[in-house]
Amino acid sequence: MSSPVVQPRYTPEEYLALERKATQKSEYVNGQVFAMSGASRAHNLIAGNVYREISSQLKGRPCEAYVSDMRVKVSTTGLYSYPDVVAVCGEIRFDDEQKDTLLNPTVLVEVLSSSTEAYDRGEKFAHYRRLESLQEYVLIAQDKVRVEHFVRQGDQWVLTEASNLDDTVHLASIGCRLALREIYDKVEFPASD
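Residues numbered from 1 in each chain as written. Predicted model: local features only at pLDDT ≥ 70, side-chain atom pairs only at ≥ 80, totals over all residues. Heavy atoms only, no water.

Considerations on the nonpolar core
Val50, Ile54, Ile140, Leu171, Ile183 and Tyr184 are the most contacted members of the largest nonpolar core, which totals 29 residues. Elements represented by at least two residues in this core include exactly helix H2 (41–58), strand S3 (63–67), strand S6 (85–89), strand S8 (107–111), strand S9 (136–140), strand S12 (168–171), strand S13 (176–179) and helix H5 (180–183). Sorting elements by how many residues they give to this core places H2 first, with 7 residues. When neighbours within four sequence positions are excluded, Tyr184 is seen to be in contact with Ile46, Asn49, Ile140, Ala141, Lys144, Val145, Arg146, Val147, Leu165 and Phe189. Met70, Val72, Val86 and Trp157 belong to the second-largest nonpolar core, a separate cluster that totals 19 residues. (Core = buried A, V, L, I, M, F, W, Y, C linked by side-chain atoms within 4.5 Å. Buried < 20%, exposed > 50% of the residue type's maximum accessible area, 1.4 Å probe, protein only. Helix = DSSP H or I, 4+ residues; strand = E, 2+ residues; numbered from the N terminus. Contact = heavy atoms within 4.5 Å.)

Written out as structure tokens, the structure reads:
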């Protein structure tokens, strides 16, 4: 009979010390570190397209956008994660002087994959909803044209969905528009049966 594998537990400080030296990114929650896997071509294209569109629309405004390497901390739950795209307007707050862990994102975007979709929709979104600053959460499919846009309205999150290349998603909290044709630029979808 084999013994179960016991995962080491880390403090947030230990995690950050290890993460800042690591060659690959890991997320952290409840003392556990989870390695992140590589992304597909479609995933990279979509994340890059979304970042390009948001970043260009934020030029000259007191807002910033980051793509995949900006860590976000959910202080109330202890989650440290790397959303695919992050946007923040107004005062930007970081966890410490390293300025590599954002505390107050306004918009978070995740590109879905078969291995992360359930987590991005469920547990991760449950963590993200605890961020008082978060106003919009966007989930983007990479195997079909579909963008799910969650908007905070008081204590509720309202979902709208766009699934046509001629559709546009309005990110009101940062004053940006994302045309699905731009989000999916150069993305090739699997052939349908």
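Some remarks on the sheet that holds S9
What holds strands together in a sheet is hydrogen bonding between their backbones, with the strands either parallel or antiparallel. Strand order in the open sheet formed by 6 strands is S3-S6-S8-S9-S10-S11, and the pairing between neighbours is mixed. This sheet does not close on itself; its edge strands, each paired only once, are S3 and strand S11 (156–162). The sheet shows a mean angle of 15° between the axes of neighbouring strands, taken without regard to direction. Bridge count for S3 against S6 is 5 bridges, and the pairing is antiparallel. Counterpart to Glu64 in the pairing with S6 is Val88. (Pairing = 2+ DSSP bridges. Axes fitted to C-alpha atoms, helices over the stretch in contact; angles between N-to-C directions.)

As for the pairing of S12
Side-chain alternation along S12 places Val169 and Leu171 on a buried face and Thr168 and His170 on a face that remains uncovered. Where S12 meets S13, 4 bridges bridge the pair, whose relative direction is antiparallel. From the neighbouring strand, His170 faces S13, where its bridge partner is Arg177.

A closer look at the state of the cysteines
One pass over the full model with this rule turns up 1 disulfide. Note on Cys176: no disulfide assigned, nearest cysteine sulfur contributed by Cys89 at a separation of 7.0 Å. For Cys176, a relative accessible area of 0% gives the class buried. (Disulfide = S-S within 2.5 Å.)

Description of the packing of aromatic side chains
Taken as a whole, this structure holds 9 aromatic pairs when the rule is applied. Each ring, one from Tyr28 and one from Tyr80, has its centre 5.6 Å from the other, and the planes form 70°; the classification is edge-to-face. Of this pair, Tyr28 sits in strand S1 (residues 26–29) while Tyr80 sits in strand S5 (residues 79–81); the two residues are 52 residues apart in sequence, bridging distant segments of the chain. Taken individually, Tyr28 and Tyr80 each receive the classification buried, so the pair is uniform in this respect. Ring geometry for Tyr128 and Tyr137: centres 5.5 Å apart, planes at 75°, overall edge-to-face. Accessibility expressed as a relative area gives 0% for Tyr137, which makes it buried. Linked through ring pairs, Phe125, Tyr128, Tyr137, Phe150 and Trp157 together constitute an aromatic cluster. Sitting above the plane of the Tyr82 ring, Lys25 keeps its charged end 5.1 Å from the centroid. (Phe/Tyr/Trp six-rings, centres within 6.5 Å; stacked < 30°, edge-to-face > 60°. Lys NZ or Arg CZ within 6 Å of the ring centre and 35° of its normal.)

Overview of helix H1 (residues 12–19)
All of the buried residues in H1 are Tyr15, Leu16 and Glu19. One face of H1 carries all of its buried residues, which in axial projection span an arc of 95°. Contacts from the buried residues of H1 go to S1, strand S2 (32–35), strand S4 (71–74), S5 and strand S7 (101–102). (Arc of directions from axis to C-beta.)

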